[in-house]
Amino acid sequence: MEDLLTQTKFDRLRTQLNETALPLTEVAKQRAQSLLEISDFPTRKNEAWKYTNVNGLNKLLLNASASKSNNKPANTISNNGRKVHIINGHIAEGQTDTPGIKTSWDSLPERYTESPFDALNLLYCSCAVELTFDDSENKSIELVFDNNHNTAIFPRLFINCKKGSKGTVILNFQGAENNASFINASTYIDVGENANLSIHKIQKNGNDTFDLQREYVNQAANSSFTMNTFPLSGRLTRNDLLINVNGSNCETFMNGAYTLKGKSHCDNHTTVDHKVANCYSKELYKGVIDDRATNVFNGKVFVRKDAQKINAFQSNANILLSETGTVNSKPELEIYADDVKCSHGSTTGQLDDEAVFYLRSRGLSEKSAKELLVKAFLGEVLEAVENEEVSSYVEEQIELHFSK
Amino acid sequence: MIEIINLHANIEGKEILKGLTLTVKAGEVHAIMGPNGAGKSTLASILAGREEYEITSGEVTFEGADLLELSTEERAHLGLFLAFQYPVEIPGVSNVNFLRTAINEIREAKGEDSISAKEFMAMVREKSKIVELDSKLASRSVNEGFSGGEKKRNEIFQMAMLNPKLAVLDETDSGLDIDALRIVAKGVNTLKSADNASIVITHYQRLLDYIVPDFVHVLHDGKIVKTGNKELALELEEKGYDWIKEETQVG
């Protein structure tokens, strides 16, 4: 009885999870344990979770013994470049370490972050992958997460783009249509001096999947970092992107496009923290919301004291395709320096009825007229995506989204 | 081609059309003139299928079909075209892309094969010449950043591409300088044939110097009150609309 009274929602969730098989140090384990012991699921009282409720996690039935082999080929986006296939959260059989890709461990890199979900990720980690770029060739690595079983998928990723190097990473989450998994990913990204790293994240999850991901980025001087995020489907998707710009003369680009329908809930929280002077950041998130879907956007830009000559731009635009969709958009600027150029904007509206009528009067059906307008609206984000395989994949998915 | 019988229509409870009757046959050009507020643009909007109007009575038969029962796109599939008084700017949607989709949806509705890329591009080149529309404009976003004249030329370019049975030109002359007017009119005249027809809605006579109508109708207070030939347009230009109003009241 006492147990039930003191049991937290995390405790209940943990009864469904298998402890990680990866080698954790006792210290790391203890630290994660104690953080979880004093934590519970975030509630609306927690500002960062005001509009996103994760209680549904405890209604998932997670199967502990999910298959690690898959006779179907991976749904890859890139034709060339190296790939790592991760099936139901586990590295596919036959994957061996190669220069730049590490998936087997004697000891995991120590990274501690305050979120109880990171602690959960560590204790129940289903796979850990480290990607390293150490030359200027701009190699591409795609991580394909094939999820066809209702299970816990807890990837822990380390991406290092070393001094003067260039790299492209595609994080491709593919869930079977009715998949009801719990994805909980922690990703640690280091962009070295003069390095240039682009990450494209596709979240095409099953309709009942919960996907909580956090990316922690550190940028050194003269580096360029791009994060493109495409939450395309899923029951609940929450992305926390935190970028610390620690060195001067950096560029940071954050782009996002989302297509929500049914009862989908999508929440993108981004923070770019300009700690030093002479940097540029640009953020553009756009999406369409249909049916009873909900979108949450919270974009924070910090410009610290003495971080002069910062140019930071942020924009979030939403189109509601139904009367029952919801958008909560909150751009936030906190500026402590006086010689900066920053702007932010947020808009939520509907498709222009006049434009729909105009296109229909030329013979387009209402559906194709709307589809054309939505593609044009999201096109601005896709134009910012330099990788053509990724942008054409997302464009195809937008078309599919409308054909269903 | 089209037969409008005793059409009555309201918007927000206010009656705008009060028994309009008009028949247009293939090969004909009809001008509809009239003072502001007579219902000219309402007629164009209703023909194109704008949903904010309520039809209280009357019939419209187009190519044998009950026009009022059809959706906007179905009317386009049957060959109705509206040149807008205020063409909409649609950022991010390329002019040629959307026209190709439109042509293909019209062809699909007729059970025809879709147009090949080669055939389509040849058509773009040919038709853009008719209205002297720069081919760069043809491939830009629909009307985005176009001047008033370019927008109207783009309307006629689209009309040329879609090759409608009946074109309704809603105040196409408004906001045009004389050169643009001449180009637009030349486009309309080039497209004229024995199989198609147009309804030219205008406030001023000046467009009719370039597009010569077979019939001129005066629309006043929701009805056609006078019908004549092109001489009627000249008479209206000279005397204004007041005598029509008075004549109607006396009658």
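Residues numbered from 1 in each chain as written. Chains lettered and ligands numbered in written order. Predicted model: local features only at pLDDT ≥ 70, side-chain atom pairs only at ≥ 80, totals over all residues. Heavy atoms only, no water.

Caption draft 1: Structural view of the overall build of chain B. Along the backbone of chain B there are nine helices and 12 strands. Relative to a compact globule of 251 residues, whose C-alpha radius of gyration would be 18 Å, chain B shows 18 Å and is just as compact. Counting only C-alpha atoms, chain B reaches 60 × 40 × 35 Å along its principal axes. For chain B, long-range pairs separated by at least 24 residues make up 70% of all intrachain contacts whose partners lie at least 6 apart in sequence. Entry remark: accessible area of chain B is about 11,300 Å², with carbon and sulfur atoms responsible for 45%. (Helix = DSSP H or I, 4+ residues; strand = E, 2+ residues; numbered from the N terminus. Rg over C-alpha atoms; globule rule 2.2 N^0.38 Å. Contact = heavy atoms within 4.5 Å. Areas by Shrake-Rupley, 256 points an atom, 1.4 Å probe, with all protein chains shown as cover.)

Caption draft 2: Expanded view of the overall build of chain A. Within chain A one finds seven helices and 20 strands. Over its C-alpha atoms chain A spans a radius of gyration of 21 Å, differing by no more than 12% from the 22 Å that the globule rule assigns to 404 residues. Taken over the C-alpha atoms alone, chain A extends approximately 65 × 50 × 45 Å along its principal axes. The burial tally for chain A puts 57% of its 404 residues in the buried class. Taking the 43 positively charged and 52 negatively charged side chains of chain A as two groups, their mean positions are separated by 2 Å. (Buried < 20%, exposed > 50% of the residue type's maximum accessible area, 1.4 Å probe, protein only. Lys, Arg positive; Asp, Glu negative; His and termini not counted. Charge placed at Lys NZ, Arg CZ, Asp CG, Glu CD.)

Caption draft 3: Up close: the pattern of salt bridges. This model, assessed by the stated rule, comprises 29 salt bridges over all chains. As a salt-bridge pair, K330(A) and E47(A) come within 3.2 Å of each other at their nearest N and O atoms. Separated by 283 residues along the polypeptide, K330(A) in strand β19 (residues 326-335) and E47(A) in the loop between α3 (26-37) and β1 (82-87) bring together distant segments of the chain. Linking R182(B) and D179(B) is a salt bridge whose minimum nitrogen-to-oxygen distance equals 3.6 Å. Residue R182(B) and its partner D179(B) are located together in helix α7 (residues 178-191), separated by three residues, close to a single helical turn. For R182(B), a relative accessible area of 43% puts it in the partly exposed group. The network of salt bridges with shared partners includes E47(A), K330(A) and E332(A). (Salt bridge = Lys/Arg side-chain N within 4 Å of Asp/Glu carboxyl O.)

Caption draft 4: Region of interest: the sheet that holds strand β12 (residues 223-228) of chain B. Residue and element names in this part refer to chain B. Here we have six strands laid out as an open sheet, ordered β6-β9-β10-β3-β11-β12, and mixed in their pairing. In the strand order of this sheet, the two ends are held by β6 (80-83) and β12, each with one partner. Direction aside, neighbouring strands of the sheet carry axes that sit 20° apart on average. Of the pairings in the sheet, the one linking β6 to strand β9 (residues 166-170) comprises four bridges and is parallel in character. The residue of β9 that forms the bridge with L82 is V168. (Pairing = 2+ DSSP bridges. Axes fitted to C-alpha atoms, helices over the stretch in contact; angles between N-to-C directions.)

That's the geometry; what it means functionally is another story.
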